[in-house]
Amino acid sequence: MDRIIIRGGKPLNGRIPISGAKNAALTLLPCALLTDEPLTLRNLPRLADVDSFGHLLNQLGVSTMIEGARPDEFGRVMTLRASNIASTVAPYDIVRKMRASILVLGPLVARAGEATVSLPGGCAIGMRPVDLHLKALEALGAEIEIASGYVKATAPGGRLQGGTIRFPFVSVGATENALMAAVLAKGTTVIENAAREPEITDLAKCLIAMGADIEGLRTDTLTIQGKDRLHGATYSVMPDRIEAGSYACAAGITGGSLDLIGARKETMPSILSSLTDAGLIVEDLDDGIRVRADGGLKPLSISTAPYPAFPTDMQAQFMAMLTLADGTSLLTETIFENRYMHVPELHRMGADIEVRGRSAVVKGVKALHGAPVMATDLRASMSLVLAGLAASGETQVNRVYHLDRGYERLEEKLQAVGADIERASDG
């Protein structure tokens, strides 16, 4: 099993290209199920999750073709075509590897009139039920049955019907599934209390490029006029705001300056404002954003919440950075109930953190020291890498397969800006 070895204590300076967004890519890939024409996705990140999703789509009858790219290039171009749906069953052995697999449910029911999808897996960060996904499809006329760990959804008469979907609370995944299902439903669908994350807007723009009729982008109410069919399109995946935020924290925790090439500030307002509140300087560039340290780090009080508030996917990275702040920070996690599993590992590196239910009190320390640590989920993994970049001595991060799910060629990007980091294998 691979591990990452970091010899920290060096300020990071230079340019880091920001890859296509993992969370957007995993939403755009199942759009291929909505048409029998080719869908070409550009700026698709090279990630384990993307590969797994591609394999799942292959099982459903989608052909995938990847354009050749130089070894030094980031991202890739993939053309997907679902000329025919060969299967409407998404099996457990694939779906268990990542939760995003549930996103084939809406498109399959919309296109084929039925779908059988295993209940999903993914990071062990707490309960993430799919009941809102199912209620959304029921609002469009689908009949739902759950048996033996599988969800079976059927559209009576072979086609979903437009309807009103009212989410009791914001759910990104359920909004995505509902949106993809609605574009082929007969009539008008209104999604109320829809998620407003930039990845939702990216999905809507891709669907519009495929011929969908969607109004209300960037708002919490989406109105969709269903179409009889969609056509193919070429679309570029948006830059990854979470990756950009993670590398911004790398600049902060190491006292360096990083140009995040391709990052879009309009997709990450709360991240950038929190970086500024922590004492970092954030500057616009023609091709991205510059984040640089300006003296010591200041403590923060942060509470995670749906967009445009502070994202749960940045909580662990900010926690790592704030372990070196001059004062006490308070982080409150409102999205997932089990997202502090990185805290014991940060303790091993000298951090002073106390978890109190949904909150974590982070008292800044003078320095961190290297230690062997164990990654528990994707964003927790990145928090340990960040701590290792600032720590004295050597840090070994184990279980780095979590990182490979969400960060494209992490070591190469960090090496290019001065980090002493390498990947090692046990055999």
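None of the values given here were measured: they were computed from a predicted structure.

Criteria and cut-off values
- Residues numbered from 1 in each chain as written.
- Predicted model: local features only at pLDDT ≥ 70, side-chain atom pairs only at ≥ 80, totals over all residues.
- Heavy atoms only, no water.
- Salt bridge = Lys/Arg side-chain N within 4 Å of Asp/Glu carboxyl O.
- Helix = DSSP H or I, 4+ residues; strand = E, 2+ residues; numbered from the N terminus.
- Buried < 20%, exposed > 50% of the residue type's maximum accessible area, 1.4 Å probe, protein only.
- Axes fitted to C-alpha atoms, helices over the stretch in contact; angles between N-to-C directions.
- Parallel < 35°, antiparallel > 145°, perpendicular 65-115°, else oblique.
- Left-handed = near helix turned anticlockwise from the far one by under 90°.
- Contact = heavy atoms within 4.5 Å.
- Nonpolar A, V, L, I, M, F, W, Y, C, P; charged D, E, K, R; others polar.
- UniProt positions renumbered as here; feature names shortened; annotations may be inferred.
- Expected span 1.5 Å × (residues − 1).
- Polar contact = N/O pair within 3.5 Å; in protein donor to acceptor, adjacent residues only side chain to side chain.

A. Main features of the pattern of salt bridges. This model, assessed by the stated rule, comprises 23 salt bridges. Two residues, Arg229 and Asp36, come together in a salt bridge whose shortest N-O distance is 3.1 Å. Here Arg229, found in the loop between β13 (221-225) and β14 (233-236), pairs with Asp36, found in the loop between α1 (22-28) and β3 (39-44); they are 193 residues apart in sequence, far enough to count as distant. The partly exposed category is assigned to Arg229, whose relative accessible area is 47%. For Arg290, the salt bridge identified is with Glu283, shortest N-O distance 3.8 Å. For Arg290, a relative accessible area of 28% gives the class partly exposed. By sharing partners, the salt bridges in this structure join Asp2, Asp404, Glu411 and Arg423 into a single network.

B. Fine view of the packing of helix α10 (residues 315-322) against helix α12 (residues 378-390). Running from amino to carboxyl end, α10 crosses α12 at an angle of 20°, the nearest separation of the two axes being 8 Å. By the angle class used here, α10 and α12 are roughly parallel. The hand of the α10/α12 crossing is right-handed. Between α10 and α12, the contacting residues are Ala316, Gln317 and Ala320 on the first element and Arg379, Ala380, Met382, Ser383, Leu386 and Ala387 on the second. Among the residues making up the contact of α10 with α12, the classes are represented as 6 nonpolar, 2 polar and 1 charged.

C. Layout of the UniProt feature "binding site: UDP-N-acetyl-alpha-D-glucosamine" (unreviewed entry) in the protein. In the numbering adopted here, UniProt assigns the feature "binding site: UDP-N-acetyl-alpha-D-glucosamine" (unreviewed entry) to Arg99, Arg128, Pro129, Val130, Asp131, Leu132, Asp313 and Ile335. Here Arg99 is to be found in the loop between α3 (92-95) and α4 (105-112). Tracing the backbone shows Leu132 in helix α5 (residues 131-139).

D. Representation of helix α8 (residues 241-254) within the structure. With 14 residues, α8 ought to run about 20 Å at 1.5 Å a step, and its terminal C-alpha atoms sit 20 Å apart, in line with that. With 14 of 14 residues buried, α8 is to be regarded as a mostly interior element. Two or three places before Ile242, at the start of α8, stands the capping residue Asp240, its side-chain oxygen 2.9 Å from that residue's backbone nitrogen. Following α8 by one or two positions, Gly255 has its phi on the positive side, about 70°.

E. How the structure looks around unusual backbone geometry. Of note, the bond from Tyr307 into Pro308 is cis; its omega dihedral lies within 30 degrees of zero at 15°. Locating Pro308 in the fold gives a position in the loop between β18 (301-303) and α10. The backbone of Ser148 shows a phi angle near 55°, a positive value even though the residue is not glycine. Tracing the backbone through its elements, the reader meets Ser148 in the loop between β8 (143-147) and β9 (150-154). Of note, the phi angle at Arg218 is positive, near 70°, even though the residue is not glycine.

F. Layout of the UniProt feature "binding site: phosphoenolpyruvate" (unreviewed entry) in the protein. Cross-referencing UniProt, the feature "binding site: phosphoenolpyruvate" (unreviewed entry) maps to Lys22 and Asn23 in the present numbering. Here Lys22 is to be found in helix α1. Not counting the four nearest positions on each side in its chain, Lys22 is found in contact with Pro45, Leu47, Asp49, Asp240, Leu378, Arg379, Arg405 and Gly406. Mapping Asn23 onto the fold places it in helix α1. Contact partners of Asn23, with chain neighbours within four places excluded, come to Glu199, Asp313 and Arg379.

G. Geometry of the side chain of Asp377. Within the fold, Asp377 resides in the loop between β22 (372-374) and α12. Among the polar contacts listed, one links the side chain of Asp377 to the backbone nitrogen of Arg379, at a separation of 3.2 Å.

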